[in-house]
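Coordinate inspection notes
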Amino acid sequence: MAGLDRRAFLSLLGAAAFAAPAVARPAVFPPAERELMVPVKGGRVYVRTNGTSAGGRLPVLLLHGGPGGMHSTFHDPLELADERMVVLCDQLDSGRSDHPDDPANWTVARFADEIDAVGAALGLPRFHVLGHSWGATIALEWAARQPATLAGLVLASPYISGKSWIADVAARRAALPADVQKVIDACEGTAPPPPATCDAASGAFYAAFNRREPLPAMRKTYETAHNLKLNEKLYVAMNGAGEFTQTGTLKDYDGEPFLARLDGARTLFVVGQYDETRISTVAAFAEQVPGGAEFAVIPGAAHGIFNDRPDESVAVVRGFLKRQDALAAQGAKP
């Protein structure tokens, strides 16, 4: 972990593990206080907001994973609306946004452009951005443009490059029980076993490294009510049919050069203890940021850090945003 302030890393790890206050989870998905459809290249994206930003507490925009995911994954970070505006949105061809179904729109750069459009539509002169998984891919490429509107950047369980992601997935796969690995190997062969057998083996991987806790009932109810589900066509086109082998357009994607364009004082990397993307990989990304980015591990969490350990994950993000607001109030350079 050379290049990182080890004491700062350990203090963040300890805070995530022991200092996060327990929060009563809502019985229903919090309704939006404001909703709008924002024009972007190719169509319109769905945007919703909760909370008010005042007293130097800048808004935060949350970018969901996928590709093809939806804003409902951020049911717990909505708690941040008690002290600032929280903006959720669905990317084009995802969730409640328009679905033009045009592969020409499916580029990282165009998805990054949506951030500017959303910020402008809401009249936000400066705001924080948190991207999770594929959302971090978009957030990184946008932040590398060094936009004047960026206040603080959180890259959570990030997909930075196809090469590093597949290497981490292979390492995690190798940690599964031998019999499960054997089934996965067979499922990728020329004479695969029945689909149910393959699904069970893949499920063992997901249960260990993707999401270790069940989805809350209120999220399931919300997603059913709004017909929110993964856009499988978009996911397959950009990623591939599954986690183990990438065949989509992202397989050769490399966002690592963008890391050198970030400001370490305004950047936080977060990763789950059992994340699909390994701690060592994300730590190495943080080291590439000039000045050294902040880095936090969420104990007990897999890739779905907010679902698995909501109190700890939200507490880490809340603390970082407050520190960034303080820097902005002091007139620090963005």
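Residues numbered from 1 in each chain as written. Predicted model: local features only at pLDDT ≥ 70, side-chain atom pairs only at ≥ 80, totals over all residues. Heavy atoms only, no water.

Here we come to the overall build of the protein chain. Counting its secondary structure elements, the protein chain contains 12 helices and 8 strands. Its C-alpha atoms give the protein chain a radius of gyration of 19 Å, near enough to 20 Å, the size a compact globule of 334 residues would have. The C-alpha extent of the protein chain, read off along each of the three principal axes, is 60 × 45 × 40 Å. Residues classed as buried in the protein chain amount to 52% of the 334 residues present. Considering only contacts within the protein chain whose residues lie at least 6 apart along the sequence, 76% involve residues at least 24 apart. With the model as given, the accessible surface of the protein chain reaches about 13,900 Å², and the carbon-plus-sulfur share is 57%. (Helix = DSSP H or I, 4+ residues; strand = E, 2+ residues; numbered from the N terminus. Rg over C-alpha atoms; globule rule 2.2 N^0.38 Å. Buried < 20%, exposed > 50% of the residue type's maximum accessible area, 1.4 Å probe, protein only. Contact = heavy atoms within 4.5 Å. Areas by Shrake-Rupley, 256 points an atom, 1.4 Å probe, with all protein chains shown as cover.)

Once that is clear, we can look at the pattern of salt bridges. Scanning the model with the defined rule gives 18 salt bridges in all. Note that Glu-35 and Arg-96 form a salt bridge whose closest N and O atoms lie 3.2 Å from each other. You can see Glu-35 sitting in strand β1 (residues 34-40) and its partner Arg-96 sitting in the loop between β4 (86-89) and α2 (108-121), a full 61 residues away along the chain. With a closest N to O distance of 3.8 Å, Asp-116 and Arg-145 form a salt bridge. Here the residue Asp-116 occupies a position in helix α2, and Arg-145 occupies one in the loop between α3 (134-143) and β6 (150-156), the gap between them amounting to 29 residues. The exposure class of Asp-116 is partly exposed, given its relative accessible area of 35%. Here the residues in one salt-bridge network are Asp-82, Glu-83, Arg-84, Arg-318, Lys-322 and Asp-325, joined through shared partners. (Salt bridge = Lys/Arg side-chain N within 4 Å of Asp/Glu carboxyl O.)

Pairing is mixed across the open sheet formed by 8 strands, whose spatial order is β1-β2-β4-β3-β5-β6-β7-β8. The two strands at the open ends of the sheet, each matched to only one other strand, are β1 and β8 (294-298). When strand polarity is set aside, the average angle formed by the axes of neighbouring strands in this sheet is 20°. Sheet analysis places β6 next to strand β7 (residues 267-272), joined by 4 bridges and oriented parallel. Residue pairing in the sheet places Ala-156 in a bridge with Val-270 of β7. Together, β7 and β8 form the strand contacts of helix α10 (residues 279-287), whose direction differs from that of β7 by roughly 175°. (Pairing = 2+ DSSP bridges. Axes fitted to C-alpha atoms, helices over the stretch in contact; angles between N-to-C directions.)

Glancing now at the layout of surface pockets. Here the largest pocket defines a volume of roughly 980 Å³. Around the largest pocket, the lining comprises 33 residues; the ones closest to its centre are Gly-66, Asn-210, Arg-211, Leu-230 and His-303. The set of elements that each furnish at least two residues to the lining of the largest pocket consists of α6 (195-209), α8 (232-238) and α11 (305-308). Class assignment for the residues of the lining of the largest pocket results in 16 nonpolar, 12 polar and 5 charged. (1 Å grid on protein atoms, 1.4 Å probe; cavity = no way out; pocket = protein on both sides within 12 Å on 5 of 7 lines; lining within 4 Å. Points joined across faces, edges and corners; volume = space filled by probe spheres on them. Nonpolar A, V, L, I, M, F, W, Y, C, P; charged D, E, K, R; others polar.)

Below, the discussion takes up the side chain of Asp-76. The topology assignment puts Asp-76 in the loop between β3 (60-63) and β4. Asp-76 sits in the buried class, given a relative accessible area of 3%. A polar side-chain atom of Asp-76 sits 2.9 Å from a polar atom in the side chain of His-75. (Polar contact = N/O pair within 3.5 Å; in protein donor to acceptor, adjacent residues only side chain to side chain.)

By the element assignment, Val-47 lies in strand β2 (residues 43-50). Note on Val-47: relative accessible area 0%, which makes it buried. Along the primary structure Val-47 and Asp-90 are separated by 43 residues, whereas in three dimensions their C-alpha atoms are 6.8 Å apart. Excluding anything up to four places from it in sequence, Val-47 contacts Arg-34, Glu-35, Leu-36, Val-38, Val-87, Leu-88, Cys-89, Val-118 and Leu-122.

Bringing the pairing of β6 into the picture now. Summarising burial for β6: 7 of the 7 residues are buried, a large majority. Bridge count for strand β5 (residues 127-132) against β6 is 5 bridges, and the pairing is parallel. Within β6, the residue paired with His-132 across the bridge is Ala-156. Handedness of the β-α-β unit built from β5, α3 and β6 comes out right-handed. (Right-handed = clockwise from strand over helix to strand, strands pointing away.)

The next thing to look at is the state of the cysteines. Scanning the entire structure with this criterion turns up 1 disulfide. A sulfur-sulfur distance of 2.1 Å marks the disulfide that ties Cys-187 to Cys-198. Handedness here is read from the sign of the S-S torsion; for Cys-187 and Cys-198, about -105°, the answer is left-handed. Within this pair, whereas Cys-187 is found in helix α5 (residues 178-187), its partner Cys-198 is found in helix α6, the two being separated by 11 residues in sequence. With a relative accessible area of 21%, Cys-187 lands in the partly exposed category. Of the residues examined, Cys-198 reaches a relative accessible area of 14% and is grouped as buried. (Disulfide = S-S within 2.5 Å.)

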